[in-house]
Amino acid sequence: MQLAKSGRRVQIVERYHKVGGGCTHWGTIPSKALRFAIYQLTEALNNPLFRHASFDANPKISDLWGSAQAIIEKQVSLRRRFYTRNNVDIIHGHARFVDEKTISVDNERTIT
């Protein structure tokens, strides 16, 4: 982003359909979001105010995962807005270095 903000032309190659990479989709963010959802549930279950209320004390993992998915989608949207606002082109595909100044995307497109 610093290069884009300083006027340089920047492109990002994203292997997957949604931006964010491993950290956003299967690494740090999903694991922390799921852990936070479990923490919130535990806090609610231990809160005396909820002990006598009709409260689903047996949520399914899919319920907890839904909360994590909402956080992931916010992160994807945030990153996409950063790229758009800073005129960073997103190229979808798998990149590999050809040499120190060149990458190949899906063996079809070369960027120097």
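What comes next concerns the included structure. Per-chain numbering applies: the sequence of each chain, read as written, is numbered from 1 onward. With the structure being a predicted model, the display of local features is reserved for residues of pLDDT at least 70 and the display and counting of side-chain atom pairs for 80 or more, all residues being used for whole-chain, interface and lining totals. Only hydrogens and water are set aside; all other atoms, that is, all heavy atoms of the structure, feed into the side-chain values.

**Some thoughts on the packing of helix H3 (residues 28-46) against helix H4 (residues 61-85)**
It is the contact of H3 with H4, at a shortest axis distance of 8 Å, that shows an interaxial angle of 135 degrees. If you check the angle between H3 and H4, you find them oblique. The way H3 lies across H4 gives a crossing that is right-handed. Between H3 and H4, the residues in contact are Ile29, Pro30, Ala33, Leu34, Ala37, Ile38 and Leu41 and Ile61, Leu64, Trp65, Ser67, Ala68, Ile71, Ile72, Gln75 and Arg79, respectively. Residue composition of the contact of H3 with H4, grouped by class: 13 nonpolar, two polar and one charged. Helix axes are fitted to C-alpha atoms over the stretch in contact, other axes to C-alpha atoms as well, and angles between N-to-C directions run from 0 to 180 degrees. Helix and strand labels come from DSSP, where a helix needs a run of H or I of at least four residues and a strand needs a run of E of at least two; each type is numbered from the N terminus. Relative orientations are named as follows: roughly parallel for angles under 35 degrees, roughly antiparallel for angles over 145 degrees, roughly perpendicular for angles from 65 to 115 degrees, and oblique for any other angle. We call a crossing left-handed when the near helix sits turned anticlockwise from the far one by less than a right angle, and right-handed when that turn is clockwise. Any pair of residues with heavy atoms lying within 4.5 Å of one another is described as a contacting pair. When residue character is reported, Ala, Val, Leu, Ile, Met, Phe, Trp, Tyr, Cys and Pro are called nonpolar, Asp, Glu, Lys and Arg charged, and the others, Gly included, polar.

**A few points about the pattern of salt bridges**
Salt bridge, as used here: a side-chain nitrogen of Lys or Arg that lies within 4 Å of a carboxyl oxygen of Asp or Glu. On inspection of all chains with the given rule, the structure shows two salt bridges. A salt bridge links Lys18 to Glu73, with the nearest nitrogen and oxygen atoms 2.7 Å apart. A residue pair is termed long-range when its members are at least 10 positions apart, and Lys18 in the loop between strand S1 (11-14) and helix H2 (21-25) and Glu73 in helix H4 qualify at 55 residues. On the basis of relative accessibility, which here comes to 33%, the residue Glu73 falls in the partly exposed class. Exposure classes here rest on a 1.4 Å probe applied to the protein chains alone. A residue is buried below 20% of its type maximum, exposed above 50%, and partly exposed in between.

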